[in-house]
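Commentary on secondary and tertiary structure
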Amino acid sequence: MHQSYSSDYKPKSVEKATLKRVMGTFRPYKSQVVSILVLVVASVVLGILPPFFLKEIIDKGLPHANLNLIANLSLITIAVTVGASVVTYWYGYLSVSIGQKIMRDLRRDLFSHLQGMSLRFFSNTRTGEIQSRLLNDVAGVQTVVSDVVANAISNIGIVVASLVAMFWLDWRLTLLSIGIIPFFAIVSSFVGNYARTVRRNVQQQVAELNSVMQETLSVSGILLTKAVGRRSLIQSKFGTENEKLVGWQVKQQMIQYFFFGVFRMIFSVTPALVYWFAGWIISKNPSSITIGTIVAFTGLQARMFFPLTGILSTQIEVKSAMGLFDRIFEYLDKPQDIQDSTESKDLEPSQVLGKVALQDVCFSYDPESEEPTIKSISFTAEPGQLVALVGPSGAGKTTIAYLVARLYDADSGSVTIDGLDVKSIKLESLERIVGAVTQETYLAHTTIKENLRFANPDATDEQIENATKAAAIYDYIAALPDGFETVVGERGYKLSGGEKQRMALARTILKNPRILILDEATSALDTASERIIQASLDKIMEGRTTFAIAHRLSTILSADQILVIENGRIVESGRHRELIEKNGLYARLYAEQFANDLSGQRLGSTLS
Ligand code: ATP
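What you see is a predicted model, and the numbers here were worked out from it, not measured in a lab.

1. A look at the overall build of the chain
When its secondary structure is counted, the chain shows 21 helices and 10 strands. Taken over C-alpha atoms, the radius of gyration comes to 35 Å for the chain, far larger than the 25 Å a tight globule of 608 residues would show. In the chain, which comprises 608 residues, the proportion classed as buried is 48%. Of the roughly 30000 Å² that the chain leaves accessible, carbon and sulfur atoms contribute 59%. Charge separation in the chain, taken as the distance between the mean sites of 60 positive and 59 negative side-chain charges, equals 8 Å.

2. Brief notes about the nonpolar core
The nonpolar side chains of a soluble globular protein tend to be buried, and buried together. In this structure, I448, L452, I562 and Y586 are the most contacted members of the largest nonpolar core, which totals 39 residues. Looking at this core, the element that brings in the most residues is helix 17 (residues 497-511), giving 6 residues. Ignoring anything within four residues of it in the chain, the contact list for I448 reads I477, L480, G483, F484, T486, V488 and M503.

3. Structural notes on the packing of helix 6 (residues 142-169) against helix 7 (residues 171-178)
Packing of helix 6 against helix 7 brings their axes to within 6 Å, and their N-to-C directions diverge by 140°. The orientation of helix 6 relative to helix 7 falls into the category oblique. Across from L163, M166, F167 and L169 in helix 6, the residues of helix 7 making contact are W171, T174, L175, S177 and I178. In terms of residue class, the contact of helix 6 with helix 7 is built from 7 nonpolar, 2 polar and no charged.

4. Quick notes on the site of the ligand
Not every one of the 14 residues close to the ligand is listed here, only the nearest: S393, G394, G396, T398 and T399. A distance of 2.6 Å separates an oxygen atom of the ligand from a polar atom in the side chain of S393. Between G396 and the ligand, the recorded distance is 2.9 Å, taken from a backbone N or O atom to an oxygen atom. When the ligand is considered free in solution it has 630 Å² of accessible area, and contact with the protein chains removes 62% of it.

5. Quick look at the pairing of strand 1 (residues 356-363)
Here strand 1 pairs with strand 2 (residues 374-381) via 5 bridges, running antiparallel. Bridged to V361 within strand 2 is I377. Taken together, the 5 bridges between strand 1 and strand 4 (residues 412-417) define a ladder with antiparallel strand orientation. Residue A357 lies in a different strand from strand 4, and its bridge partner there is T416.

6. Observations concerning the sheet that holds strand 2
Taking strand neighbours across the sheet as the criterion, the 4 strands line up as 2-1-4-5 in an open arrangement whose pairing is antiparallel. Strands with a single pairing partner mark the edges of an open sheet, and in this sheet they are strand 2 and strand 5 (420-421). Bridge analysis of strand 4 against strand 5 gives 2 bridges, and the strand direction is antiparallel. Across the sheet, residue T416 finds its bridge partner in strand 5, namely D421. Taken strand by strand, helix 12 (residues 397-404) contacts strand 1, strand 2 and strand 4, and its axis lies near 120° from that of strand 1.

7. Thoughts on the sheet that holds strand 9 (residues 561-566)
Reading across the sheet, the 6 strands line up as 6-7-8-3-9-10 and stay open at both edges, with mixed pairing between neighbours. Whereas interior strands pair on both sides, the edge strands pair on one side only; in this sheet they are strand 6 (434-437) and strand 10 (569-574). This sheet shows a mean twist of 20° between the axes of neighbouring strands, independent of strand direction. Here 5 bridges tie strand 9 to strand 10, and the two strands are oriented antiparallel to one another. Each residue of the ladder has a partner; that of E566, found in strand 10, is R569. Running over the sheet, helix 12 touches strand 3 (386-390), strand 6, strand 7 (515-519), strand 8 (545-549) and strand 9 and is turned about 155° from strand 8. Strands strand 6 and strand 7 of the sheet are contacted by helix 17, whose axis makes an angle of about 170° with strand 6.

8. With respect to the pattern of salt bridges
Once their charged atoms are close, side chains differing in charge can pair, the charge on each being opposite to the other. As enumerated under the stated definition, the model contains 23 salt bridges in all. R432 is the partner of E348 in a salt bridge, and the nearest nitrogen-oxygen pair spans 3.3 Å. Residue E348 is located in the loop between helix 11 (291-332) and strand 1, and its partner R432 is located in helix 13 (residues 427-433); the two are separated by 84 residues in the primary sequence. Here E348 falls in the partly exposed class, since its relative accessible area comes to 39%. Since its relative accessible area comes to 33%, R432 is described here as partly exposed.

9. Observations regarding unusual backbone geometry
Residues other than glycine seldom take positive phi values, yet D360 does so here, at roughly 50°. Among the structural elements, D360 can be located in strand 1. With a phi close to 60°, N583 is a non-glycine residue in the positive phi region. Tracing the backbone shows N583 in the loop between helix 20 (576-582) and helix 21 (585-594). For N583, a relative accessible area of 62% gives the class exposed.

10. A closer look at the domain arrangement of the chain
Partitioning the chain into domains gives domain 1 (16-332) and domain 2 (349-607). For domain 1 and domain 2, the distance between their C-alpha centroids amounts to 56 Å.

How each quantity is defined
- Residues numbered from 1 in each chain as written.
- Predicted model: local features only at pLDDT ≥ 70, side-chain atom pairs only at ≥ 80, totals over all residues.
- Heavy atoms only, no water.
- Helix = DSSP H or I, 4+ residues; strand = E, 2+ residues; numbered from the N terminus.
- Rg over C-alpha atoms; globule rule 2.2 N^0.38 Å.
- Buried < 20%, exposed > 50% of the residue type's maximum accessible area, 1.4 Å probe, protein only.
- Areas by Shrake-Rupley, 256 points an atom, 1.4 Å probe, with all protein chains shown as cover.
- Lys, Arg positive; Asp, Glu negative; His and termini not counted.
- Charge placed at Lys NZ, Arg CZ, Asp CG, Glu CD.
- Core = buried A, V, L, I, M, F, W, Y, C linked by side-chain atoms within 4.5 Å.
- Contact = heavy atoms within 4.5 Å.
- Axes fitted to C-alpha atoms, helices over the stretch in contact; angles between N-to-C directions.
- Parallel < 35°, antiparallel > 145°, perpendicular 65-115°, else oblique.
- Nonpolar A, V, L, I, M, F, W, Y, C, P; charged D, E, K, R; others polar.
- Near = heavy atom within 4 Å.
- Polar contact = N/O pair within 3.5 Å; in protein donor to acceptor, adjacent residues only side chain to side chain.
- Pairing = 2+ DSSP bridges.
- Salt bridge = Lys/Arg side-chain N within 4 Å of Asp/Glu carboxyl O.
- Domains from an automatic or database assignment.

Right, here's the structure in full:
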């Protein structure tokens, strides 16, 4: 949404802090910045000389037709100008490459910071917004980080050197020229502040459009649009956001037109004023100023005005880029609520027995909510046990599994693996120890083999084949014209739901985790496919601590313990027979779901 102008107000200290931080991004390139400085000074010095040669040509060469002097001065002028251009090109290259490297660093830092954010952040933030900050905002600061150092230094250098030279030529004309500078400063400061607000709003609006596109031009988005027949509604939403962008973009470009319009006017007027004033001086005292001085002076003045505009437009650029830096830093500063501590331990999966214990665990997705999602849950899964989590939809089964994998941290209580709190295990280790086949299978737009290898980059072709055989997907893949090299399409949409689930199973087999979470891992399989992979599932679960959610009946029947979850609590636990005898919720669910069909339905998932 739009930020209002007033909400965009930043106290000076905040602006300073942002600026300091932006300066910090140049730190790794200190030596190149120093080289730029040296080259800029050289180019300023070279650039200031030609008007003096011109003065000599006009005052001494031309009146006496001293061809030798004119030729020499002209050749030197050409050499100096070429030299200045080479030096300018050189520092231009250095500053552009520093700028690109800083953008690379920002993208890298932002990417790795966001990668470390928890599931909570991604559940609450739109993908389009994240992408926009990573790409558009970082790209938006490009001119500032690539041009500002060299341009600002060279512009300041040229202005200062020109002023000194102008004073040296004629102080009276110089005073007239600099009288205009405060006007420049006032206009650009006003325009700069406005530009910052406009720039931030443009980026916000780009992010907004990006989000709408991301949500609607993806396979799931199009499926949803077509399924509910809402094409015109989405078009009008896109149209509204698109229209808002037009408004801000027009403002942004008009700022530049206004700025350059005003300064072009001043450029044209000032030389006329100088000649007028010089004419007045000559009329009073003809010998106090030469024609060469006046020509050299206006040459220097013209040379100074462009850099002066540059300094002021740099100020506008910097101010408006600060808005983007704020957006980038805002994401960089977002705390990673789940991260390693200095004491976190590296743990090899082979060192792990797989005893999982939850002790008085409470958890809420919404910290403000009065009623936690998980309420004081305690249980222990011994190494290698199969634990079935059953219960009505929304009871909290997936959430419990997420807590074991530390995708969320418990608000209170502890989650331990082999007696070690999951918070004290390095996240990378934990990711290798716990493997999950989740409700939604994500496949990247690449080959089947690459998708499988993602779980284990070192897997041999043989291991991949064996894993797909165990997950009952080998025959399907082998029958494809391109076999394992088949590209599965955006998020795996070329595969059926059941095929995707079997791919996910194969991937987990390759990963070989000690603790396995099967969250409705076979919900999309038909009974026949389920039966085929049942034997391999049993094999996959062997020797691993497994949490099976809403699984097929045979899994539940063979579970070492069944935890019946209702409304975030364990209301019953035990083995199938004990629970049936108890005649409570489990017995009721069982009677509802399986009484007439013992062939392979799932307990829990169909209760939603
Ligand atoms: P199902 O069998 O339908 O998958 P479940 O028992 O696995 O259900 P959970 O997915 O654990 O249930 O959800 C438990 C509760 O937490 C539900 O009320 C759900 O709406 C809520 N919930 C789940 N994920 C989030 C989230 N990211 N943010 C906020 N609330 C959530």
